[in-house]
Structure formats: structure tokens, C-alpha cells
Amino acid sequence: MLLTCPYCGPRDVSEFTYQGDGNRQRPAPNSQDLQAWNEYVYDRQNPAGDHNEIWQHSGGCRSHIRVIRNTVSHVTSSTVPVRGAVHHRSTERRKPGAKA
Amino acid sequence: MVERLSPLESVYRVGSHGRFEDGVGVILSETRPGSITQVAAWPGEEARAIAAIRKVSGLALPDGAGGGVVDGDKAAFGFAPGKFTVVDEAEGLAVALTKAITPAIGTMTDLSHGRTAIRIEGPEAEWVLAKFFAVDFALPAFPVGAARSTTHHDVFAQIQRTGGDRFDIYVFRSFARSFWKALGHAAEEVGYEVA
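Everything numeric here is computed off the predicted structure, so don't read it as measured data.

### Focus on the overall build of chain B
Working step 1: Across its full length, chain B holds four helices and 12 strands.
Working step 2: Over its C-alpha trace chain B gives a radius of gyration of 17 Å, about what one expects of a compact globule, namely 16 Å for 195 residues.
Working step 3: In terms of principal-axis extent, the alpha carbons of chain B reach across some 55 × 40 × 30 Å.
Working step 4: Taken across its 195 residues, chain B has 43% of its residues classed as buried.
Working step 5: Pairs at least 24 apart in sequence give 68% of the contacts found in chain B among residues at least 6 apart.

Put into C-alpha cells, the structure is as follows:
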């Protein structure tokens, strides 16, 4: 699988490190909202289709990139730098135990 | 200045090696520049950092990813967003850059003793490097002066094309000996000379 780094161009996936689901929203450090923390730590949408992810080009320019990858076909429709990028975060709150 | 010892000293065997009967495919050497520095600009300060590098070294860095320039004893290239490597055969570049890269622009790190510069040149240079790195080394994709940052078995390498068939590779000093030996093994089939 190739990922196109916005700085370096297309590179092998072995040069990249997966940094996790790009939809997560970390609650404020002093937040007492247990549901929000539970969602941040455990709940994932696990879609069969386009998935919003954070990757780091750890074996190259070391910048973090926001990737839209299709989990079925592995087609990456967008790779943009995290810095300055528009955050396409899902605002929908997933219900605990709900199926994707 | 303190005399610098090469990490390659114990394995640096000048002469021809490998299958060189039909001609030497590549020439390997250590360039031992006096200054290897890294400039990192704060976001939005890239243009001022490029201007400061130009003021100190006379090298006009092109704007754009992986762009670089070579001019005689000096070379500079971008290897990450807002980050540049500036190299000079002479010592003292770090001192001059520290003054030019003010805290408002970014930071300057002197890596002269931390990196080892290995040069590979010759008609088979692209072929040998292609065995190491998953990067397109063809001239149209990798023009003279341009640079790429990549890894070989987790050893970081910054590669700048300094000529039509010449590349300068900057690796960590602590991995330089192992990388050098691997490069020698890879070059055996085309015949190589250590200059």
C-alpha cells in the first residue's frame, strides 16, 4: 500500500506509523464527563468505507498527516498535513454498545 | 578545533572492490564536511529562514518540498516541512547560522559531529540506491539539488542529488559504519571503488 505524503510524495506504507482514529475528540483534561472519556478511549466507528485517520511519516519527513482511507478498498482519497487542515470530525456521538 | 575521527575509519578500505573487472560501477567516499547543520523554522517563518540561510551561506533555496541547491563546497536542502539541512566543507557555519536564525524565526542545531556524509557516484549509483530505498531515483523525478528523507531498515537517511549520477547521503554517525558496510555489499555486483 502506498500513502502519498503531502511533503514527500508517494511512499511505501512501511515508512508510516498509524496514529489512530482521526475522529476522536479528547475531552478537556478536567472533564468529569465519563461518557465523553469512555467514547474517547474505547468507542470507534469501525466503518466499512471511508475512514478518517491520523498517520505519521515517521520514516521520512516525520510530519503528521490526515488520511481518508477506504477500509474496504484501501484507496486513500485524501492526504493532507494535520497542521492547518480542516478537521473533518464526525460530530455524531456513538451510543455505547451500538453497532456501526 | 578538535580533530574529528571518522566512524568509518576501521572499515574504510581505499581501492577497488567487488566485481570491478568490467569497470567500476560506483565510487564510494566519505565527504567529511566541516559543518552539517539543521535549521527548523516555526510555522509561517519558512521564508525568513530561507532568507537567513541565503544571507549566511549564499545558497538560494528553492521554495517547495524537498527542494535544494548545491554550490561547490556548500549545499542546502529541505527535508521536512519548514526544516532544512545546510552543509559546508568549512567549519564555523553553525556559529554564523545561530546569529542569523533568531529565536523569532526558528532554531539551529549543529549536527556536524552527529551525522556522517557518504557520497556515491557513478553510472550505477541509481541502481545501487534503488536496492536500499523505495524512492524514485530517476533524474526527472529526483532532480539535481533535490533531497529526499527516507529510511533503510529504520536508519534515517537524507539523500541529496548533487550531480547527474552523484548522491550525498547523510546518516546518523552511530549507524554509519553498518550502513557503509551494507552499501559496499550492495555495490559488489557492479564493482566499486573507495576513494
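Picking up where we left off.
### Focus: the interface of chain A and chain B
Working step 1: Residue-level contacts link 12 residues of chain A with 11 residues of chain B.
Working step 2: Residue classes in the side of chain A that touches chain B are distributed as four nonpolar, three polar and five charged.

### Some points on the confidence of the model for chain A
When pLDDT is low, close inspection of the predicted coordinates is not appropriate.
Working step 1: For chain A, per-residue confidence averages 86 on the pLDDT scale, and 83% of positions sit at 70 or higher.
Working step 2: For the stretch residues 88-93 of chain A, pLDDT sits under 50, and the model shows six contacts to residues farther than four places along the chain or on other chains.

### Brief notes about the sheet that holds strand S4 (residues 50-56) of chain A
Residues and elements named next belong to chain A.
Working step 1: Spatially, the four strands line up as an open sheet ordered S3-S4-S5-S6, and their pairing is antiparallel. Every other strand in the sheet has two partners, leaving strand S3 (17-21) and strand S6 (76-81) as the edge strands with one partner each. Direction aside, neighbouring strands of the sheet carry axes that sit 30 degrees apart on average.
Working step 2: Pairing of S3 with S4, which is carried by four bridges, proceeds in the antiparallel orientation. Directly across from Asp-21, in S4, lies its bridge partner Glu-53.

Procedures and definitions
- Residues numbered from 1 in each chain as written.
- Chains lettered and ligands numbered in written order.
- Predicted model: local features only at pLDDT ≥ 70, side-chain atom pairs only at ≥ 80, totals over all residues.
- Helix = DSSP H or I, 4+ residues; strand = E, 2+ residues; numbered from the N terminus.
- Rg over C-alpha atoms; globule rule 2.2 N^0.38 Å.
- Buried ≥ 20, exposed ≤ 12 C-beta atoms within 10 Å, placed from the backbone.
- Contact = placed C-beta atoms within 7 Å.
- Nonpolar A, V, L, I, M, F, W, Y, C, P; charged D, E, K, R; others polar.
- pLDDT = per-residue confidence, 0-100.
- Pairing = 2+ DSSP bridges.
- Axes fitted to C-alpha atoms, helices over the stretch in contact; angles between N-to-C directions.

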